[in-house]
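Examination of the molecular architecture
Each chain is listed here by its residues.
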Amino acid sequence: MLRGAALRVLRSGGAGTPRFASGSAAASELRRRLEKELEDIRGAGTWKSERIIASRQGPHLHLAGGGAERILNFCANNYLGLSSHPEVIRAAVEALEKFGAGLSSVRFICGTQSIHKDLEEKIARFHQREDAILYASCFDANAGIFEALLTPEDAVLSDELNHASIIDGIRLCKANKYRYKHMDMQDLEAKLQDTQKHRLRLVATDGAFSMDGDIAPLREICQLAQKYDALVFIDECHATGFLGPNGRGTDELLGVMDKVTIINSTLGKALGGAAGGYTTGPKPLIDLLRQRSRPYLFSNSLPPAVVGCASKALDLLMESNAIAQSMAAKTQRFRSKMTAAGFTISGKDHPICPVMLGDARLAAVMAEDMLSRGIYVIGFSYPVVPKGKARIRVQISAVHTDEDIDRCVEAFTEVGRKHGALP
Ligand code: PLP
């Protein structure tokens, strides 16, 4: 017969009561240390809170607790608006029904389905490369490539503002590490000269940098790589699908598709926005990654629904360049109207449009005030960006209308005047 505490647990649903190891000095010490650390983060003003969305991703959102109010969304990486595209959703449902919820396996044991191979082939075709390999995320693709490819005899040269996942991936490898100043070709050249003693040199850069909306000088990087016999790796998370005449990315935009050796990118931004990442490049490299890359070898296969989304997104992009091109005009509209209003927008021609404000408090207060006017934008300050370079990052999507963009500019102008960011 059940009695006392056991009965109470069952009546309350059983699984809902949080448990923690009590009576252990180590557990108490851990709790004390964690609470202190959390307090320090709050005290430093760098606490990241999460807004809860109660609808699909898109240019218009409903926030949890926000009732029927529609929020105009300018802070997703949904550059092409494919995250909620009806054909992308249908493809996910079909893949789910035909291939199941998931593989319960890594790829090399029993986790490879025909759709995984089809998607890899499609990615390689899209980028005009020999082969491609899927990962659970681009973070994983970046974590897996450097260690698998580079040895202590080699060197890697990395832009100082590269994404955290590239930095972590490089940390994991045993190659000699060099960091060049952000997009500084003189510094890169000096470092390339220094690294002539090594067997192989790999220059690693984001194609487009997500905090500043600036685009790596790939033409110059490739020229230097040729001069000093180096390979070029680019992370195209903020370029794949929309930069360049056919949306192939930074290498297409800058006319160096045949000069970049390795591309890593994500399926979790412009290409449907579900999840997943990949490496595409020479076939022997992809073959080696299948044998050696730890996040690939020791992590579950991409779920079929996720594969279905990305595959359909690529079909749409390869059928026509209209979607890829549709965003450029919207980006131009926002950048030119905001500049005319008196704001400084960092970067050039990229849908990441950082509205530079300088002061961290001003960025936070203005972002809050924008939300109170129904416009969702995010303020970034130190340590995410350098001290004194606080900003509100606006991201344009192909599915924003001209009216959406004009409403955003009008709200910025009002809020900017109110808080003294504009005269
Ligand atoms: N690289 C860059 C430049 C990114 O911005 C991101 C995501 O924020 C990643 C890699 C990681 O991509 P994923 O979300 O697929 O792990």
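The protein is annotated in an unreviewed UniProt entry as 2-amino-3-ketobutyrate coenzyme A ligase, mitochondrial of Heliornis fulica. Its UniProt record gives the protein the following Cofactor (unreviewed entry) comment, quoted word for word: "pyridoxal 5'-phosphate". Among the UniProt annotations of the protein, the heading Sequence similarities (unreviewed entry) holds the following wording: "Belongs to the class-II pyridoxal-phosphate-dependent aminotransferase family."

Here the protein is described as being made up of domain 1 (60–76 + 321–419) and domain 2 (90–319). Put simply, the middle of domain 1 and the middle of domain 2, counted by C-alpha atoms, are 28 Å apart. Between domain 1 and domain 2, the residue contacts involve 18 residues of the former and 18 residues of the latter. Between domain 1 and domain 2, roughly 1300 Å² of surface is buried when both sides are summed, and carbon and sulfur atoms account for 58% of that area. Ranking the residues of domain 1 by area buried against domain 2 places N321, A324 and H350 at the top, with a combined share of 35%. Linking domain 1 with domain 2 are 1 salt bridge, by the criterion used here. Between D212 and R391 there is a salt bridge whose closest N-O contact spans 2.6 Å. In this structure, the connection of domain 1 to domain 2 is made through 10 residue pairs in polar contact (both at pLDDT 80 or more). Elements with a minimum of two residues in the side of domain 1 that touches domain 2: helix 14 (322–341), strand 13 (352–358) and strand 16 (390–395). The biggest single contributor to the side of domain 1 that touches domain 2 is helix 14, with 5 residues.

Definitions and cut-offs
- Residues numbered from 1 in each chain as written.
- Predicted model: local features only at pLDDT ≥ 70, side-chain atom pairs only at ≥ 80, totals over all residues.
- Heavy atoms only, no water.
- UniProt positions renumbered as here; feature names shortened; annotations may be inferred.
- Domains from an automatic or database assignment.
- Contact = heavy atoms within 4.5 Å.
- Buried area = accessible area lost by both parts, 1.4 Å probe.
- Salt bridge = Lys/Arg side-chain N within 4 Å of Asp/Glu carboxyl O.
- Polar contact = N/O pair within 3.5 Å; in protein donor to acceptor, adjacent residues only side chain to side chain.
- Helix = DSSP H or I, 4+ residues; strand = E, 2+ residues; numbered from the N terminus.

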